[in-house]
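The primary structure of each chain is shown beneath.
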2 protein chains.
Amino acid sequence: MEINGERLREDIEANAEFGALDVEGNGRTVITGTEANRKAREYFVERLEDAGLDVRVDAVGNIAGRWTPESAPRDAKPVAAGSHLDSVPEGGIFDGPLGVYSALEAVRAMRGSGVEPSRPIEVVSFTEEEGQRFADGLLGSSVAVGERSVEETLALTDGRTTLADALETMGFDGEGRLDASEWDSWLELHVEQGKRLERTDLPVGTVTTITGITHCAVEVLGEANHAGATPMPERTDALVAASEFVRDVEEGANEVGETTVGTVGKLNVRPNATNVVPGTVEMGVDIRDVSYDAMDELVSLARDSLSRLESERGVETSFAREFDLEPTEMSDRCRRAVHDAGDAANIELLEMHSGAAHDTMHVADVTDAAMLFARSRDGISHNPEEWTTWEDCAAATQVLAGALASLAR
Amino acid sequence: MEINGERLREDIEANAEFGALDVEGNGRTVITGTEANRKAREYFVERLEDAGLDVRVDAVGNIAGRWTPESAPRDAKPVAAGSHLDSVPEGGIFDGPLGVYSALEAVRAMRGSGVEPSRPIEVVSFTEEEGQRFADGLLGSSVAVGERSVEETLALTDGRTTLADALETMGFDGEGRLDASEWDSWLELHVEQGKRLERTDLPVGTVTTITGITHCAVEVLGEANHAGATPMPERTDALVAASEFVRDVEEGANEVGETTVGTVGKLNVRPNATNVVPGTVEMGVDIRDVSYDAMDELVSLARDSLSRLESERGVETSFAREFDLEPTEMSDRCRRAVHDAGDAANIELLEMHSGAAHDTMHVADVTDAAMLFARSRDGISHNPEEWTTWEDCAAATQVLAGALASLAR
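Since this is a predicted model, take the numbers as computed values, not measurements.

Reading the values: the criteria
Residues numbered from 1 in each chain as written. Chains lettered and ligands numbered in written order. Predicted model: local features only at pLDDT ≥ 70, side-chain atom pairs only at ≥ 80, totals over all residues. Heavy atoms only, no water. Helix = DSSP H or I, 4+ residues; strand = E, 2+ residues; numbered from the N terminus. Rg over C-alpha atoms; globule rule 2.2 N^0.38 Å. Buried < 20%, exposed > 50% of the residue type's maximum accessible area, 1.4 Å probe, protein only. Contact = heavy atoms within 4.5 Å. Areas by Shrake-Rupley, 256 points an atom, 1.4 Å probe, with all protein chains shown as cover. Buried area = accessible area lost by both parts, 1.4 Å probe. Salt bridge = Lys/Arg side-chain N within 4 Å of Asp/Glu carboxyl O. Domains from an automatic or database assignment. Polar contact = N/O pair within 3.5 Å; in protein donor to acceptor, adjacent residues only side chain to side chain. Axes fitted to C-alpha atoms, helices over the stretch in contact; angles between N-to-C directions. Parallel < 35°, antiparallel > 145°, perpendicular 65-115°, else oblique. Left-handed = near helix turned anticlockwise from the far one by under 90°. Nonpolar A, V, L, I, M, F, W, Y, C, P; charged D, E, K, R; others polar. Least-squares fit on C-alpha atoms with pLDDT ≥ 70 in both. Pairing = 2+ DSSP bridges. Expected span 1.5 Å × (residues − 1). Patch = residues over 30% accessible without salt bridge, like charges linked within 9 Å, V, L, I, M, F, W, Y side chains within 5 Å. Lys, Arg positive; Asp, Glu negative; His and termini not counted. Charge placed at Lys NZ, Arg CZ, Asp CG, Glu CD. Phe/Tyr/Trp six-rings, centres within 6.5 Å; stacked < 30°, edge-to-face > 60°. Arc of directions from axis to C-beta.

**Some remarks on the overall build of chain A**
Secondary structure summary: chain A contains 12 helices and 15 strands in total. Since a compact globule built from 409 residues should have a radius of gyration of about 22 Å, the 23 Å found for chain A is in line with a globular shape. Each principal axis of the C-alpha atoms in chain A carries an extent, and together these give about 80 × 45 × 40 Å. A burial count over chain A gives 62% of its 409 residues as buried. For chain A, restricting intrachain contacts to residue pairs at least 6 apart in sequence, the fraction spanning at least 24 positions comes to 79%. A total of about 14,600 Å² of accessible surface is found on chain A, and carbon and sulfur atoms cover 41% of it.

**Some details on the interface of chain B and chain A**
Counting residues at the interface gives 64 residues for chain B, matched by 64 residues for chain A. Interface area lost by chain B to chain A is led by His-226, Met-232 and Thr-274 of chain B, which between them contribute 13%. Here chain B is connected to chain A by eight salt bridges. Residue Arg-199 of chain A is joined to Glu-234 of chain B by a salt bridge in which the shortest nitrogen-to-oxygen separation is 2.2 Å. Going through the elements one at a time, β8 (225-226), α8 (238-256), β9 (261-270), β10 (276-277) and β11 (280-289) of chain B are the ones with two or more residues in the side of chain B that touches chain A. For the side of chain B that touches chain A, the element with the most residues is β9 of chain B, which contributes 10 residues.

**Points about the domain arrangement of chain A**
Residues and elements named next belong to chain A. Taken domain by domain, chain A holds domain 1 (5-211 + 327-408) and domain 2 (212-325). The C-alpha centroid of domain 2 is placed 34 Å from the C-alpha centroid of domain 1. Across the contact, 13 residues belong to domain 1 and 12 residues belong to domain 2. Buried surface at the junction of domain 1 and domain 2, both sides included, amounts to about 930 Å², of which 66% is carbon and sulfur. Counting the surface domain 1 buries against domain 2, the share from its top three residues, Asp-136, Thr-211 and Pro-327, is 55%. Applying the counting rule to domain 1 against domain 2 returns zero salt bridges. Run the count over domain 1 and domain 2 and you get two residue pairs in polar contact (both at pLDDT 80 or more).

**Observations concerning the packing of helix α1 (residues 5-16) of chain A against helix α12 (residues 390-407) of chain A**
Helix packing geometry: the angle between the two helix axes and the distance between the axes. All names here are of chain A. Relative orientation of the contacting elements α1 and α12 amounts to 115°, with a least axis distance of 10 Å. What the angle tells us is that α1 and α12 run roughly perpendicular. For the element pair α1 and α12, the recorded crossing hand is right-handed. Contact with α1, carried on its side by Gly-5, Leu-8, Arg-9, Ile-12 and Glu-13, involves Trp-390, Cys-393, Ala-394 and Thr-397 of α12 and no other residues of that element. Taken together, the residues of the contact of α1 with α12 break down into five nonpolar, two polar and two charged.

**Brief notes about the relation of the copies chain B and chain A**
A rotation about an axis combined with a shift along that same axis relates the two copies of the chain. Rotating chain B by 180° and moving it 0.0 Å along the rotation axis overlays it on chain A with an RMSD of 0.0 Å. As the rotation angle and translation indicate, the two copies are arranged about a two-fold axis. Taking C-alpha positions as the reference, the residue of chain B nearest the rotation axis is Ser-243 of chain B, at 2.2 Å. With an isologous cut-off of 70% or more, the 100% of interface residues of chain B that recur at the interface of chain A puts this contact in the isologous class.

**Concerning the sheet that holds strand β12 (residues 316-325) of chain B**
Residues and elements named next belong to chain B. The four strands are arranged β9-β11-β7-β12 in an open sheet whose pairing can be described as antiparallel. Here the strands that pair on one side only, and so sit at the sheet edges, are β9 and β12. Each adjacent strand pair in this sheet contributes to an overall mean axis angle of 15°, direction not counted. Relative to β12, strand β7 (residues 212-221) runs antiparallel, the two being bridged by nine bridges. Note on β12: the bridge partner recorded for Thr-214 is Asp-324. Seen against the sheet, helix α9 (residues 292-313) touches β7, β9, β11 and β12 and runs at an angle of roughly 170° to β12.

**Structural notes on helix α8 (residues 238-256) of chain A**
Between its terminal C-alpha atoms α8 of chain A stretches 27 Å, which fits the 27 Å expected from 19 residues at 1.5 Å a residue. Among the 19 residues in α8 of chain A, 14 count as buried, and that is most of the element.

**Concerning a negative patch on the surface**
Judged by side-chain charge, Glu-147, Glu-151, Glu-152 and Asp-365 of chain A come together as a negatively charged surface patch. For Asp-365 of chain A, the position within the fold is in the loop between α11 (360-363) and β15 (368-374).

**Examining the packing of aromatic side chains**
Residues and elements named next belong to chain A. Evaluation of the coordinates by the stated rule reveals 18 aromatic pairs over all chains. Aromatic side chains Phe-44 and Tyr-101 sit 5.6 Å apart centroid to centroid with 85° between the ring planes, which places their arrangement in the edge-to-face category. Separated by 57 residues along the polypeptide, Phe-44 in helix α2 (residues 35-50) and Tyr-101 in helix α3 (residues 97-113) bring together distant segments of the chain. Here Phe-44 falls in the buried class, since its relative accessible area comes to 0%. Taking relative accessible area as the criterion, Tyr-101 reaches 0% and is therefore assigned buried. Three or more aromatic residues joined by ring pairs form one cluster here, namely Phe-18, Tyr-43, Phe-44 and Tyr-101.

**What to know about helix α6 (residues 163-170) of chain A**
All names here are of chain A. Taken together, the buried positions of α6 are occupied by Leu-163, Ala-166, Leu-167 and Met-170. Looking straight down α6, one finds its buried side chains confined to an arc of 95°; they lie on one side. For α6, exposure combined with an orientation more than 90 degrees from the buried face picks out Glu-168 and Thr-169. One or two steps after α6, the chain reaches Gly-171, where phi turns positive at roughly 75°.

**Digging into the environment of Leu-372 of chain A**
Residue and element names in this part refer to chain A. Structurally, Leu-372 can be placed in strand β15. Taking the relative accessible area as the measure of exposure, Leu-372 reaches 0% and is therefore buried. When sequence neighbours within four positions are dropped, the list of residues in contact with Leu-372 reads Glu-188, Leu-189, His-190, Val-204, Gly-205, Val-338, Ala-396, Val-399 and Leu-400.

**Describing the sheet that holds strand β7 (residues 212-221) of chain A**
Residues and elements named next belong to chain A. Across the sheet, which stays open at both edges, the four strands sit in the order β9-β11-β7-β12 with antiparallel pairing between neighbours. Both edges of this open sheet fall to β9 (261-270) and β12 (316-325), since each of them pairs with a single strand only. On average, adjacent strands in this sheet sit at an angle of 15° to one another, irrespective of strand direction. In the packing of helix α9 (residues 292-313) onto the sheet, contacts are made with β7, β9, β11 (280-289) and β12, and the angle to β12 comes to roughly 170°.

**Considerations on unusual backbone geometry**
Looking along the chain, the bond that leaves Arg-270 of chain A and enters Pro-271 of chain A is cis, with omega of 0°. The topology assignment puts Pro-271 of chain A in the loop between β9 and β10 (276-277). In this structure, Leu-138 of chain A is a non-glycine residue whose phi angle is positive, near 55°. With respect to the helices and strands, the residue Leu-138 of chain A is situated in the loop between β4 (121-126) and α4 (139-144). A relative accessible area of 2% means that Leu-138 of chain A is categorised as buried. One non-glycine residue with positive phi stands out, namely Asp-201 of chain B, at about 60°. Residue position: Asp-201 of chain B is located in the loop between α7 (196-200) and β6 (204-210). Overall, the relative accessible area of 59% leaves Asp-201 of chain B in the exposed class.

Here it is in structure tokens:
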């Protein structure tokens, strides 16, 4: 069974047009509920139908296309694979779409090759994996595993609009709930977003563990005041205090461990005028590790930093651990299927952990799951410079197709 | 001659309604070209006309109301006084409006008291003193002193709209150019925005020198990347580098001298998402002192900080000194008039420098000028907590009126 790399490339390149940036590289911004998101979804549905799959959109906008081969018993649980179509602001064209369209290509290849699976295959795109508008990430999959109810999810708001309204605007307010626990197993192919495959000169990796992830919301309250008329000793500058916090998070992450990462990715100043001493700073902090204890350790260091700033700089601070997922082990059965597929295709696989969160973290809670990584150029992602060669996309898709076929055998 | 504190209060309270914030205190946001700015301008023109002054709006939206007493020779140069009606985002209700409406109240008091000045009195409101939309500050006065041409000023843009369009939208696109060099002298009453009057328990101050002011635009370029998949050692985080710069500016200001202030008031992160390592940070830096050498010293320290960050953190940086004014001495003649008025009103005045920039910095380049300060509560300004008691407003206005009368005698 041979996958068609050219057909895969055409889909990914077509999808890259939606929300495309006018900058160097291949950037796109596809946020839930935008015109770009609607177009990306409509194109995906069209391609699923072209491939003869039965398409379903659930109440939170998750999209699934199912191939039910005649060789499969009516009651057979499907094997599922996919990823997401949304992006971070100014993100790349492979993060998400590679997993969605490689799964579709795998099904097209299986159908073309005349294999007779004993299970249906389901190609899936989850809503808002990147968490840029309505939630903090992995939204669609959190509903598909029952961690979040459809009702509370539809009521989520970006401050002005509810997810329900955003989905309706796009015409992707479907019915029911895609239920991942009904799947026999799940595979997700994703770009590595790191440099390990590049360093080891291998195109494809198989994931052992996905790091846990914590998002914390931090606020620093000082006193807005006149930048010219307020002597240095009389200031309570929220930004100077926040700057020490940013440094402390970096220092803490370096202290805790080799696999620990800590990032202040978001920072907003108020009133944010050159001639006004900053009165308020809001920050979003991202903390991850393969060890949950290590994550807790960095969270404590961040809290300690704020306590110190309160006593030393007279600011008030608040800290909320808003989003928290423990590290996730991949299933042995699925990993074996991936390894066998690699052997069959003569593609050597690198065993590695994932520093990035993926919908697979949720799916693994309710069924056997595993992930494949495709080599990223310079480890760059969430950036228009994100790149994976079409050869590597094809190699990883070949392994994915083989693994799906063996899980569905 | 007695000024009417109640009449003054009514004008300042009425003006405070335009752009009023829905927060504790008495905040307002009045940016050039907004609905709030239009209403504030229309109310001011109405009050000038109520007082029988001849109103004129120039090409850049500066507003002047002139009283030409019969006692004044046709060719007599006017004595002018005023300030501005715009504010910073979420600013206070006295910063600007006190100087505008106290000047109007002074003229009303003079007319009511039957004094017979030998010079006309001009009440002035300059366009965009706070520099929040089209320029970096003191915009209207820069045109009134010929430092900036009407043409280039009207062509200024906020990125989408030109000042010309903004003025036309408000109906304040007048003709000609208000020429400060035609004034015999100029006085501006403003809130202190500091704590020195409060500490010395005096309601009114007279300014000796206005500090110079420099605004610098700084950019730090790192590499946007995935917050989970990028190990700490492989990052070029623009925000961590910018945070060190913010600290260095504070430290530098503390080093250089007692009267030196340095502020990073504006900071914008891109892409500004919790799960993305910051790729770019833009900052606005404000540097002031009564000594221009001291200002230069802090600018050098800021540049040194960026050079260090380039070598130590691998970021690229840019630094532009976009706005620069040297310290300004007040005129002896005008200061004497203020002192005499204080004596006549039995109000003791504190001699002090101004840490804040004011339109008077420009006017002093072309004619004799001085400033008065009214006591600020807790030294707070550019903040809804900005406050000056109505008694202090009246006392300062009494001194202003006396000084204007003696300059126009």
